Amino acid sequence: MKVDKDATRRLAEAAGIVNTINGGTIFPTFNTTTEKDHYRLEVSVPTVEPDDLKVEVTGSDLMIYQNVHVNAYTLPNVLGMIKISADVELENIHAEFEDDLLVVIMPFSEMSGGFQKEIDIYRH
């Protein structure tokens, strides 16, 4: 089997991005509070440029990651993954920057107060 030296070099560079030799690992802090009509997630990620942060909803997970640029490559570095509560309206989650914090707003679903419906029983 032939080893692609260029691919090996790129993998080594990618690994070096988040190790302590190349500047240390970023330790974000997460703080979640419950407001009247939403959850508020505040994320502090020191030294990361706001344009490099990304927030993504996949299924019932909220993923926060940074894009790390190495030469011509952009590599994702996952900073945190949070399970989204079942009472959140997934379509209306949004994020913004306030001061130096990434703030993710997760509004409650209209159903969060509880769903109630009388079910008709059919007879055949």
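Here's a quick rundown of the structure.

This paragraph deals with the pairing of strand 4 (residues 61-70). Burial of strand 4 is extensive: nine of the ten residues sit out of reach of the surface. As judged from the six bridges shared by strand 3 (residues 53-58) and strand 4, these two strands associate in the antiparallel manner. Bridging across to strand 4, Val55 finds its partner in Ile64. Hairpin geometry of strand 4 and strand 5 (residues 73-83) is characterised by an intervening segment of two residues between the two adjacent antiparallel strands and by a positive phi of about 50° at Asn71.

With that settled, consider the sheet that holds strand 7 (residues 101-107). In space, the four strands of this open sheet follow the order 1-2-7-6, with antiparallel pairing throughout. Single-partner strands in this sheet number two, and they are strand 1 (29-34) and strand 6 (94-98). Averaged over all adjacent pairs, the angle separating strand axes in this sheet is 20°, with direction ignored. Pairing geometry for strand 2 (residues 38-44) and strand 7, over six bridges, is antiparallel. Note that in strand 7 the partner of Leu41 across the bridge is Val104.

Right, let's get into the environment of Asn92. Note on placement: Asn92 falls in the loop between strand 5 and strand 6. For Asn92 and Ser109, which are 17 residues apart along the polypeptide, the C-alpha to C-alpha distance reads 9.1 Å. Excluding residues that lie within four positions of it along the chain, Asn92 makes contacts with Ile105 and Pro107.

Here the structure, examined in full by the defined rule, presents three salt bridges. Residues Glu42 and Arg40 are paired through a salt bridge, measuring 2.8 Å at the closest nitrogen-oxygen approach. Since its relative accessible area comes to 16%, Arg40 is described here as buried.

Criteria and thresholds
Residues numbered from 1 in each chain as written. Predicted model: local features only at pLDDT ≥ 70, side-chain atom pairs only at ≥ 80, totals over all residues. Heavy atoms only, no water. Buried < 20%, exposed > 50% of the residue type's maximum accessible area, 1.4 Å probe, protein only. Helix = DSSP H or I, 4+ residues; strand = E, 2+ residues; numbered from the N terminus. Pairing = 2+ DSSP bridges. Axes fitted to C-alpha atoms, helices over the stretch in contact; angles between N-to-C directions. Contact = heavy atoms within 4.5 Å. Salt bridge = Lys/Arg side-chain N within 4 Å of Asp/Glu carboxyl O.

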